[in-house]
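Single-letter residue listing:
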Amino acid sequence: MAILQMRDLPDELYEKLKVRAKEERRSIMQQAVVLLEEALSEDHNKTRRKRAIQAMIDSKVDLKKPDDIVAMIREDRER
C-alpha cells in the first residue's frame, strides 16, 4: 500500500479533518482516505459538474414575474 505524506497542511484544515474524523469515529488517516475517495469518485464529479452547469444556466436565465408574463402574452396576441 502506498504512503502519502503531506507537508504545510493549514492548521485550520487539519482541525476540520480532525473534527470530522472524530464525528465519524475514524482515525484522521481513515477520514482523509474516505474524503479523497469521495472527491475522486466519478459520481461526485458528475454531481459537481451538474451543479456547475445548473449554476451557469440559472445565472443566464432571466426569470420574469407573473405580471410580466401576462403582459407578454397579451402583447403577442395583439400582433
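This one's a predicted model, so the numbers in the text were calculated from it and none came from an experiment.

## A closer look at the packing of helix α1 (residues 11-23) against helix α2 (residues 28-40)
Reasoning step 1: With their axes 9 Å apart at the nearest point, α1 and α2 run at an angle of 100 degrees to one another. When the axis of α1 is compared with that of α2, the two are roughly perpendicular. Contacts from Tyr-14, Leu-17, Lys-18, Arg-20 and Ala-21 in α1 reach Ile-28, Gln-31, Ala-32 and Leu-35 in α2.
Reasoning step 2: Broken down by class, the residue content of the contact of α1 with α2 amounts to six nonpolar, one polar and two charged.

## Digging into a nonpolar patch on the surface
Reasoning step 1: A contiguous nonpolar patch, built from Leu-4, Met-6, Leu-36 and Leu-40 and spanning about 470 Å² of accessible area, is present on the exposed surface.
Reasoning step 2: Within the fold, Met-6 resides in the segment before α1.
Reasoning step 3: Classification of Met-6 as exposed rests on a relative accessible area of 58%.

## Remarks on the pattern of salt bridges
Reasoning step 1: Per the stated rule, a full pass over the model turns up three salt bridges.
Reasoning step 2: A salt bridge links Arg-79 to Asp-76; its shortest N-O distance comes to 3.8 Å.
Reasoning step 3: In this structure Asp-76 comes out as partly exposed when scored by relative accessible area, which is 47%.

## A look at the packing of α2 against helix α3 (residues 42-60)
Reasoning step 1: One can describe the packing of α2 onto α3 by two numbers: an axis separation of 5 Å at closest approach and a directional angle of 55 degrees. The angle between α2 and α3 falls in the class oblique. Each of Glu-38, Ala-39 and Leu-40 in α2 lies in contact with α3, whose residues at this interface are Glu-42, His-44 and Asn-45.
Reasoning step 2: Of the residues that constitute the contact of α2 with α3, the class distribution is two nonpolar, two polar and two charged.

## So, the layout of surface pockets
Where empty space is left in the structure can be found by rolling a water-sized probe over the atoms.
Reasoning step 1: By volume, the largest pocket is sized at about 580 Å³.
Reasoning step 2: Along the walls of the largest pocket sit 17 residues, with Met-6, Leu-17, Ile-28, Ala-32 and Val-33 positioned nearest its centre.
Reasoning step 3: Taken together, the elements giving at least two residues each to the lining of the largest pocket come down to α1 and α2.
Reasoning step 4: Here the lining of the largest pocket gets six residues from one element, more than from any other, and that element is α2.
Reasoning step 5: Grouping the amino acids of the lining of the largest pocket by side-chain chemistry returns 15 nonpolar, no polar and two charged.

## Comments concerning unusual backbone geometry
Reasoning step 1: One non-glycine residue, Asp-8, lies in positive phi territory at about 60 degrees.
Reasoning step 2: Along the chain, the position of Asp-8 falls in the segment before α1.
Reasoning step 3: A residue is classified by how much of its surface remains accessible, and Asp-8, at 77% relative accessible area, is exposed.
Reasoning step 4: The backbone of Arg-25 sits at a positive phi, close to 55 degrees, despite the residue not being glycine.
Reasoning step 5: Inspection of the secondary structure assignment puts Arg-25 in the loop between α1 and α2.

Conventions we followed
Residues numbered from 1 in each chain as written. Predicted model: local features only at pLDDT ≥ 70, side-chain atom pairs only at ≥ 80, totals over all residues. Heavy atoms only, no water. Axes fitted to C-alpha atoms, helices over the stretch in contact; angles between N-to-C directions. Helix = DSSP H or I, 4+ residues; strand = E, 2+ residues; numbered from the N terminus. Parallel < 35°, antiparallel > 145°, perpendicular 65-115°, else oblique. Contact = heavy atoms within 4.5 Å. Nonpolar A, V, L, I, M, F, W, Y, C, P; charged D, E, K, R; others polar. Patch = residues over 30% accessible without salt bridge, like charges linked within 9 Å, V, L, I, M, F, W, Y side chains within 5 Å. Areas by Shrake-Rupley, 256 points an atom, 1.4 Å probe, with all protein chains shown as cover. Salt bridge = Lys/Arg side-chain N within 4 Å of Asp/Glu carboxyl O. Buried < 20%, exposed > 50% of the residue type's maximum accessible area, 1.4 Å probe, protein only. 1 Å grid on protein atoms, 1.4 Å probe; cavity = no way out; pocket = protein on both sides within 12 Å on 5 of 7 lines; lining within 4 Å. Points joined across faces, edges and corners; volume = space filled by probe spheres on them.

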